[in-house]
Every structure is written in structure tokens, then in C-alpha cells.
Amino acid sequence: MSGTILEPGQIEAAASKPPFVQLPPRNLFELRAARLDTLAQNHPLSAYLALAAAICRAQQAVLDAPPDVPAPNAHRIRESLVHGLPPLAADTLVRDDGWLAFLDAVLRAFTLAAANPALDDALDHLRKTGSSQRKAWGVALVSGQYDLLPAALVPFVGAGLQTAWSHWLLGLDLGELREREDQAYCPCCGAPPMAGVIRHRGQVNGLRYLVCSLCSVEWHYVRLKCSHCQSTKRLDYLHLDGSPHGVRAEACPSCKTYLKQLYLEHAPDGECLSADLASLDLDLLLAEQGYLRRAPNLLLAPGGEG
Amino acid sequence: MDMNRRQFFKVCAVGLGGSSMAALGMAPPAAFADQVRHFKLASTRETRNTCPYCSVGCGLIMYSQGDGGKNVVQEIIHIEGDADHPVNRGTLCPKGAGLLDFVHSPNRLKYPQIREPGSNEWKRLEWDDALDRIAKLMKEDRDANFIERNEQGQTVNRWLTTGFLAASASSNEAGYITHKVVRSLGILGFDNQARV
């Protein structure tokens with residue numbers, strides 16, 4: 001970040017405002033899978049990281065050949081953009097049927113060599129469950145109520161939701177999306193962020209973007225500011241001594257919450273979802289220190305509540 | 001969305017037993033939580049500041065380490081441009097980019113020193129003594145050279161034999177106070193250093 005050298009023509013670019021949102025690449029889930037495979041080597045949670053990689057590969061297969069379901073209502077999207085509301089509002093769309101086809105497709109595409117009885121049971125359970133129950137689980141997961149659905153099903157329901165929203169997101173024209181200060185929730189779907197990422201290249205060098213837990217869009221959020229209570233006082237950036245993942249938790253002493261930040265400068269191949277799952281040891285230590293985490297990761301039910 | 005019913009994403013050693021991992025038969029080894037407890041949590045504090053070199057006032061982010069305890073001195077380990085700052089958008093000039101060395105320079109002046117007239121030696125002195133001495137010398141000079149009226153007998157209250165140079169990246173408020181202090185003494189020659 002310190003090594004920015006401006007080329008002719010870049011001064012004008014540097015003087016303009018940074019882009020508000022960054023769309024995820026079309027091969028997002030493939031990148032996640034590859035990164036998870038790398039991180040799974042010699043990791044104490046390697047079995048779970050390998051499972052998450054398999055889920056991400058299934059998500060990519062579905063994103064490449066999405067199921068044939070009607071797109072979300074174009075009028076609603078346009079009106080939402082005009083009035084500054086998230087065009088793919090999660091709390092409304094999750095109650096429609098659209099995303100269920102994506103969940104089905106993810107389940108069809110999912111394969112894992114190292115299967116086990118518990119995993120087979122979970123998949124069986126999910127495949128035999130009717131759409132109204134699935135939808136109720138989806139609603140619970142999107143609104144962050146993990147104890148309303150079986151922990152074993154969370155990663156699959158979450159994967160179905162993510163794939164649907166990312167597919168819709170990539171088909172959206174976001175030209176009318178306006179930046180607002182202190183945007184603590186996703187401007188595209190209204191879901192909370194999963195983590196933050198400090199970019200390290202080009203025009204966005206050194207900027208922090210929050211990564212949506214549901215649709216994976218990234219939106220600009222000023223650095224050194226709590227993404228929950230907007231406090232800028234005495235934030236700490238906590239990490240494990242010698243942690244290889246480039247992850248630091250932005251911990252706010254005033255609201256006692258934290259959000260993990262991925263510093264791409266320290267982990268150039270890093271990606272937020274995989275970095276988050278690979279650094280649960282940090283969450284464990286922070287929980288013991290009394291810090292709370294609001295940011296969900298849809299591929300894991302933490303099971304820590306109550 | 002009803003945010004009040006949203007649960008915390010709490011990962012705790014006992015909790016992992018109820019997580020998706022355990023439910024899918026992929027629980028971490030029992031020793032995992034114990035191991036983690038022995039890891040040391042390090043803290044890097046990030047602080048916004050303004051570059052002190054010139055009046056452009058580029059935004060900086062300074063990284064310092066220390067465990068955040070009250071009596072622990074934070075050591076600055078890295079300084080970079082603040083990409084959110086509208087003035088410099090993360091960029092720094094070569095002098096600004098070298099700020100870390102400026103902070104840690106062994107030649108940095110950390111206390112007042114004096115070289116007496118005719119001497120070639122710098123002597124260290126206390127802040128109180130230094131300020132007293134400056135005040136005394138300023139008063140002597142002002143008493144000797146203050147111009148109350150000009151040739152036409154008009155009141156001017158000028159003190160032309162002393163000048164004043166203030167720092168570069170001062171805030172408006174610091175500039176206002178500088179102006180108040182210096183002008184009320186009658187000094188006309190003063191400037192804010194716009195470049196170093």
C-alpha cells in the first residue's frame with residue numbers, strides 16, 4: 001500500500017471518488033473452492049474446509065448453468081434503486097420460491113469423495129424435505145436465527161441462498177446505486193457483511209470494502225470505523241501472532257463487537273469466505289475475551305448460542 | 001428484517017460441539033480448543049493522522065504495536081497514505097513516504113537545546129528553563145525595540161525586530177491562536193511554513 005507510484009493519467013483517477021460497489025467475479029465460487037483447498041492442507045479443520053470447497057464447486061456449477069426460473073420483478077428492482085432500497089431485498093425474496101430451485105441445483109451438483117454417514121444423513125434429510133419447510137429454514141438463516149434449523153443443513157441451505165443471490169446480482173444494472181455514508185448492511189440485498197477486505201491494487205489500493213454474506217457484492221466502507229456502531233475511537237486490530245491468513249479482527253471497545261478484515265497485502269491470494277472459515281481460532285479467542293460477532297458466514301452454523 | 005432476533009455468530013470451544021462441523025461428523029480434534037487457548041492475541045492499532053511536512057495536509061494511517069494496555073508504549077511500525085482521505089487518496093510524496101524513518105530517526109530532536117552566543121556547543125536544558133529564557137529574551141528585545149508611534153505621531157504598536165514561523169500542517173484553530181498571540185505582541189513578520 002505504501003508503494004503506490006502514479007502513472008500519467010492516474011492523478012485524475014486518484015482525485016475522483018472510489019467505486020462504491022465491486023461485483024464479485026463470475027468464477028467467485030471456483031476461486032473460493034481453490035482457496036479452501038489450499039488452506040485445508042495441514043489445517044486442524046481440514047475436513048470441514050474440504051467440505052466447504054466441495055460446496056463452493058457445486059455453487060460454481062450452478063452459477064455457470066443456472067436453473068430456469070423467472071428473474072426477480074424488474075419493476076420492484078427499479079423502484080428500489082430509485083428510492084435507495086436494496087434491489088434484491090433478502091427478507092422479501094427469501095419468501096418467494098425463486099431461490100429454492102438454486103438450492104435443488106446445488107444439492108444435485110454436490111459431490112464429495114470423503115463422505116461420511118452424518119453428511120449422507122444430512123443430505124438425505126434435506127432432499128426429502130418439502131419446499132415450505134426449506135423456505136422456513138431459508139428465512140431463519142437469512143435473518144440470522146441459527147437455532148431454528150439443524151446445524152448440519154446450514155451450509156447447504158446457505159449455499160443455495162448465496163448462489164441464487166449472486167446469480168441475480170450479476171444480472172443487475174447497478175448504475176443507479178448511490179453511495180450512502182455508514183452503509184452497515186449490503187446495499188444490494190440488505191444482508192449483514194461477512195467480513196471486510198482491505199484491497200491492495202490499482203484504484204482501490206488501501207480501501208476497505210465490506211463483503212456481503214449473502215450476495216457477495218463488496219461495498220466501500222471507510223476504514224478505521226466500527227461497521228456496527230460507527231465509532232472511530234480506540235479500535236483494535238487483533239490477530240494471532242504469526243497468523244498466515246492476513247486476517248485481523250477490527251474490535252470496537254464501545255460496542256464490544258468485531259468484524260474480521262482480510263488484508264490482501266498480507267495474503268494476495270486471499271478471499272474472504274475461505275479466510276474466515278480458516279481463521280475460526282481467532283473467533284474462538286475473541287469470544288473468550290468477551291467480544292461478540294454479528295457477521296454471519298452462511299456456510300457454517302457456529303452452534304455457540306445459548 | 002428483524003435485527004433484534006438476529007443471533008450472534010459465536011464460536012466458542014464448547015459451542016463447536018453444536019456447530020455444523022460436529023453435526024456433519026467433522027468436529028476438530030479435542031485438542032484444538034486447548035491449543036488455541038495458548039495462542040497469543042496480538043494487537044496492531046491503526047490511527048488516522050495528518051502528515052506534518054507541508055500545508056497540503058495528506059491523510060495518513062499509522063500502524064502501531066503494543067498490547068493496548070494503559071502503560072504500554074505503542075511503537076509505530078508502518079505509515080501509509082489514507083485511501084479514504086479526499087486530499088491524497090492514499091498517495092504520499094517521497095518525504096511523506098519516508099515518515100517512518102523520520103519518526104524513528106536517531107537524530108530527531110527530543111528536548112530543548114541551546115547554543116550560547118560565541119559557543120559551538122549544544123547544551124541540553126529543561127523545558128521550563130527554555131521557555132523562561134525565550135520569554136525573557138523576547139521581552140528584552142520588545143522593550144528595547146517596540147515602536148509605539150510613527151513619525152506622524154500615529155499609534156502603530158509595532159515590533160519589527162522579531163519574527164515568528166509557525167508549523168505547516170496546523171489546523172484553522174491553531175492558526176487562529178498563533179495569529180492572536182503573535183499579532184497582540186505587535187510582531188508583523190510571521191508566516192506559517194507551507195513547505196519544508
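These numbers come from a predicted model, not from an experiment. (Residues numbered from 1 in each chain as written. Chains lettered and ligands numbered in written order. Predicted model: local features only at pLDDT ≥ 70, side-chain atom pairs only at ≥ 80, totals over all residues. Heavy atoms only, no water.)

**Brief notes about the environment of A:T129**
All names here are of chain A.
Moving on, step 1. Relative to the helices and strands, T129 is located in the loop between α7 (117-128) and α8 (131-142).
Moving on, step 2. For T129, a relative accessible area of 13% corresponds to the buried category.
Moving on, step 3. In contact with T129, other than residues within four places in its own chain, are R134 and W137. (Helix = DSSP H or I, 4+ residues; strand = E, 2+ residues; numbered from the N terminus. Buried < 20%, exposed > 50% of the residue type's maximum accessible area, 1.4 Å probe, protein only. Contact = heavy atoms within 4.5 Å.)

**Things to note about the domain arrangement of chain A**
Residues and elements named next belong to chain A.
Moving on, step 1. Along its sequence, chain A is carved into domain 1 (21-170) and domain 2 (193-293).
Moving on, step 2. For domain 1 versus domain 2, the separation of C-alpha centres amounts to 22 Å.
Moving on, step 3. In this assembly, 20 residues from domain 1 lie in contact with 21 residues from domain 2.
Moving on, step 4. Between domain 1 and domain 2, a total of about 1,800 Å² is buried, with carbon and sulfur atoms accounting for 67% of that surface.
Moving on, step 5. Of all residues in domain 1, the largest losses of buried area upon contact with domain 2 belong to Q22, R32 and R35, amounting jointly to 37% of the total for that side.
Moving on, step 6. Taking the shortest distance from any N to any O, the salt bridge between R32 and E271 comes out at 2.8 Å.
Moving on, step 7. Listing elements by their share of the side of domain 1 that touches domain 2, those giving two or more residues are β1 (21-22), α2 (28-40), α3 (46-64) and α9 (154-170).
Moving on, step 8. Grouping the amino acids of the side of domain 1 that touches domain 2 by side-chain chemistry returns 14 nonpolar, four polar and two charged. (Domains from an automatic or database assignment. Buried area = accessible area lost by both parts, 1.4 Å probe. Salt bridge = Lys/Arg side-chain N within 4 Å of Asp/Glu carboxyl O. Nonpolar A, V, L, I, M, F, W, Y, C, P; charged D, E, K, R; others polar.)

**A look at the UniProt feature "domain: FdhE N-terminal" (unreviewed entry) in chain A**
Moving on, step 1. When the UniProt feature table is mapped onto this chain, "domain: FdhE N-terminal" (unreviewed entry) is found at residues 18-179 of chain A.
Moving on, step 2. With 60% helix and 1% strand, residues 18-179 of chain A has its two end C-alpha atoms placed 10 Å apart. (UniProt positions renumbered as here; feature names shortened; annotations may be inferred.)

**Some words on the interface of chain A and chain B**
Moving on, step 1. Listed as interface residues are 73 residues of chain A and, on the opposing side, 46 residues of chain B.
Moving on, step 2. Summed over both partners, the interface of chain A with chain B comes to about 5,700 Å²; 61% of that surface belongs to carbon and sulfur atoms.
Moving on, step 3. Inspection of the region where chain A meets chain B yields four salt bridges.
Moving on, step 4. One salt bridge connects B:R45 with A:D236, and the closest N-O pair in it is separated by 3.0 Å.

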